[in-house]
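Understanding the architecture of this molecule
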Amino acid sequence: MKNQQLAETVKGWLLEAGELIKQRMKNSLVVSTKSHRSDLVTNVDKEVQQFLVERIEHFYSNDHILAEEDGRNYLPNMDGRVWIIDPIDGTLNFVFQRENFAIMVGIYEEGIGQLGFLYDVVKEELYWGGVDIGVFCNDRKLLSPKNLGAKDGLWGMNGAIYAQNIGNVQKIGKESMGVRIIGSAGIEFISLLKGNTVGYISNLYPWDYAAGMILVNEFGFKGSFLDGSQIDFQSQEKFIVATDVAYGEVMKNVVNF
Ligand code: IPD
Ligand code: CA
Ligand code: CA
């Protein structure tokens with residue numbers, strides 16, 4: 001199986017990248033700002049991305065890469081095979097908490113998700129899988145979480161979107177069992193896969209949702225931009241993903257965006 005072989009290769013790279021991060025965490029980080037004072041990038045984000053890009057370019061030279069750092073953050077289309085990389089998702093957590101961050105890689109062919117990888121380096125939990133494979137945490141196959149309604153579980157939210165009630169999302173929070181704000185899209189997707197939350201709303205770039213969407217799709221979750229339009233891997237957008245039932249309920253009755 002083509003995807004299975006590729007998955008084994010990528011898992012090996014991610015374990016190496018995780019070791020690199022753990023080594024670098026023993027020393028002080030070099031932190032710089034990007035668009036504003038809380039939009040950070042570290043030497044480790046850049047090094048992890050370079051490590052992955054070098055391998056892809058060496059072993060799969062016909063493929064395309066969309067990645068957050070170093071001027072690789074735009075692709076005009078999803079033609080061919082595309083690797084979408086967030087070298088460290090949750091950089092603020094990485095800098096201030098030294099946990100609650102993930103390496104994320106999604107592999108698409110002609111715009112169709114094939115393989116997704118979310119690596120919680122500190123917990124040493126690599127969530128991976130995709131088409132013809134299902135979803136695993138390390139070597140353990142995961143069962144699909146229950147298809148719960150919006151009111152029957154916790155929601156992950158982006159703090160600013162929730163505080164500003166963008167799209168009427170506070171109503172979702174009030175009617176649900178509660179809201180959690182973690183600060184890493186990757187860790188939020190992991191929560192969905194584990195059945196810890198029923199939905200997640202945030203303001204995401206393509207590399208924030210590419211890997212996670214492939215995995216949650218295997219379990220029948222639904223995702224889109226908050227206005228209901230399809231994800232398109234172009235720019236930062238308000239984004240929602242939830243169980244099939246919860247997605248239908250909130251998009252029909254609650255979200256107004
Ligand atoms: C960010 C995190 C955060 C989300 C932001 C992302 P980064 O990614 O996933 O939870 O709210 O929109 O940009 O910058 O730490 O890779
Ligand atoms: Ca990110
Ligand atoms: Ca990042």
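That block above? That's the structure.
Residues numbered from 1 in each chain as written. Chains lettered and ligands numbered in written order. Predicted model: local features only at pLDDT ≥ 70, side-chain atom pairs only at ≥ 80, totals over all residues. Heavy atoms only, no water.

**A word on the coordination of the calcium ion (ligand 3)**
Six octahedral donors around a metal ideally subtend angles of 90 or 180 degrees, whereas four tetrahedral donors ideally subtend 109.5 degrees. Note the following rule: Nitrogen, oxygen and sulfur within 2.8 Å of a metal are treated as its donors, or within 3.2 Å for sodium, potassium and calcium (Na, K, Ca); water is not counted, so a site can appear incomplete.
Only Glu68 (OE), Asp86 (OD) and Ile88 (O) from the protein coordinate the calcium ion (ligand 3), and they sit 2.1 to 2.3 Å from it. Read in sequence order, the donor residues coordinating the calcium ion (ligand 3) give the pattern E-x17-D-x1-I. A separation of 3.8 Å is found between the calcium ion (ligand 3) and the calcium ion (ligand 2), both of which receive a donor from Asp86.

**Some thoughts on the sheet that holds strand β9 (residues 140–141)**
Going by this rule: Pairs of strands are assigned from DSSP output, requiring at least two bridges between the strands. The helix count covers DSSP runs of H or I at least four residues long, the strand count covers runs of E at least two residues long, and both are numbered beginning at the N terminus. Residue contacts follow a heavy-atom distance rule, with two residues in contact if any of their heavy atoms lie within 4.5 Å. To obtain each axis, a line is fitted to C-alpha atoms, and for helices this fit is confined to the stretch in contact; angles are then taken between N-to-C directions over 0 to 180 degrees.
Read across the open sheet, the seven strands follow the order β3-β4-β5-β6-β7-β8-β9; overall the sheet is mixed. Looking at strand neighbours, the two that pair on one side only are β3 (64–67) and β9, the edges of this open sheet. In this structure, strand β7 (residues 125–130) lies alongside strand β8 (residues 134–137), joined through four bridges in antiparallel fashion. Pairing of Tyr127 across the sheet is with Cys137, part of β8. Along the sheet, helix α2 (residues 43–59) makes contact with β3, β4 (81–89) and β5 (102–109), crossing β4 at roughly 160°. Where helix α7 (residues 206–218) meets the sheet, it contacts β3, β4, β5, β6 (112–120), β7 and β8, and its direction lies at approximately 105° from that of β6.

**Considering the site of ligand 1**
Threshold: A single heavy atom is enough: if one lies within 4 Å of a molecule or strand, its residue is considered near that molecule or strand. Here a polar contact is recorded for every N or O atom pair within 3.5 Å, except that within protein the pair must consist of a potential hydrogen donor and a potential acceptor, and residues adjacent in sequence are included only if both atoms are side-chain atoms. Every accessible area reported is derived by Shrake-Rupley at a probe size of 1.4 Å, with residue values counting cover from the shown protein chains alone.
Asp89, Gly90, Thr91, Gly183 and Asn203 are the nearest of the 14 residues found near ligand 1. At 3.3 Å, a side-chain N or O of Glu68 approaches an oxygen atom of ligand 1. Contact between ligand 1 and Ala185: an oxygen atom at 3.0 Å from a main-chain N or O atom of the residue. The fraction of the free accessible surface of ligand 1 (380 Å²) that becomes covered by protein chains is 82%.

**Observations regarding the packing of aromatic side chains**
The condition that has to hold: Each Phe, Tyr or Trp ring (for Trp, its six-membered ring) is paired with any other whose centre lies within 6.5 Å, and the angle between the two planes then decides the class: stacked below 30 degrees, edge-to-face above 60, tilted in between. Between buried and exposed lies partly exposed: a residue is buried under 20% and exposed over 50% of the maximum accessible area for its type, with that area taken using a 1.4 Å probe on protein chains only. Remark: a charge is flagged as sitting over a ring if the NZ atom of Lys or the CZ atom of Arg is within 6 Å of the ring centre and within 35 degrees of the ring normal.
Applying the stated criterion across every chain yields a total of 13 aromatic pairs. Look at Tyr209 and Phe225: their rings are 6.1 Å apart centre to centre, the planes differ by 70°, and that puts the pair in the edge-to-face class. Of this pair, Tyr209 sits in helix α7 while Phe225 sits in strand β13 (residues 222–225), and the two are 16 residues apart along the sequence. For Phe225, a relative accessible area of 3% puts it in the buried group. By the ring-pair criterion, three or more aromatic residues cluster together here, those being Tyr108, Phe189, Tyr200, Tyr209, Phe225, Phe233 and Phe239. Residue placement shows Lys11 over the ring face of Trp128; its charged tip is 3.6 Å from the ring centre. Stacked on the ring of Tyr60, the Lys or Arg Arg81 has its end atom at 5.0 Å from the ring centre.

**Quick word on the layout of surface pockets**
Applicable threshold: Two kinds of site are reported from a 1 Å grid over the protein atoms alone, namely cavities, where a 1.4 Å probe fits but cannot get out, and pockets, open sets with protein on both sides within 12 Å along at least five of seven lines, and residues are called lining when an atom falls within 4 Å of a point. Grid points are joined across faces, edges and corners, and a volume is the space filled by probe spheres set on the points. Only Asp, Glu, Lys and Arg are considered charged in this grouping, and only Ala, Val, Leu, Ile, Met, Phe, Trp, Tyr, Cys and Pro are considered nonpolar; every other residue, Gly among them, is considered polar.
Estimates place the volume of the largest pocket at around 810 Å³. Elements supplying a minimum of two residues to the lining of the largest pocket: β4, α3 (91–96), α4 (159–163), α6 (185–194), β12 (199–204) and α7. Here the residues of the lining of the largest pocket sort into twelve nonpolar, 14 polar and seven charged. Looking at the second largest pocket, its volume works out to about 240 Å³. Along its surface, the second largest pocket is lined by 15 residues, and Tyr108, Gly113, Met213, Asn217 and Ile231 are the ones closest to its centre. The set of elements that each furnish at least two residues to the lining of the second largest pocket consists of β6, α7 and β13. Classifying every residue of the lining of the second largest pocket gives seven nonpolar, seven polar and one charged.

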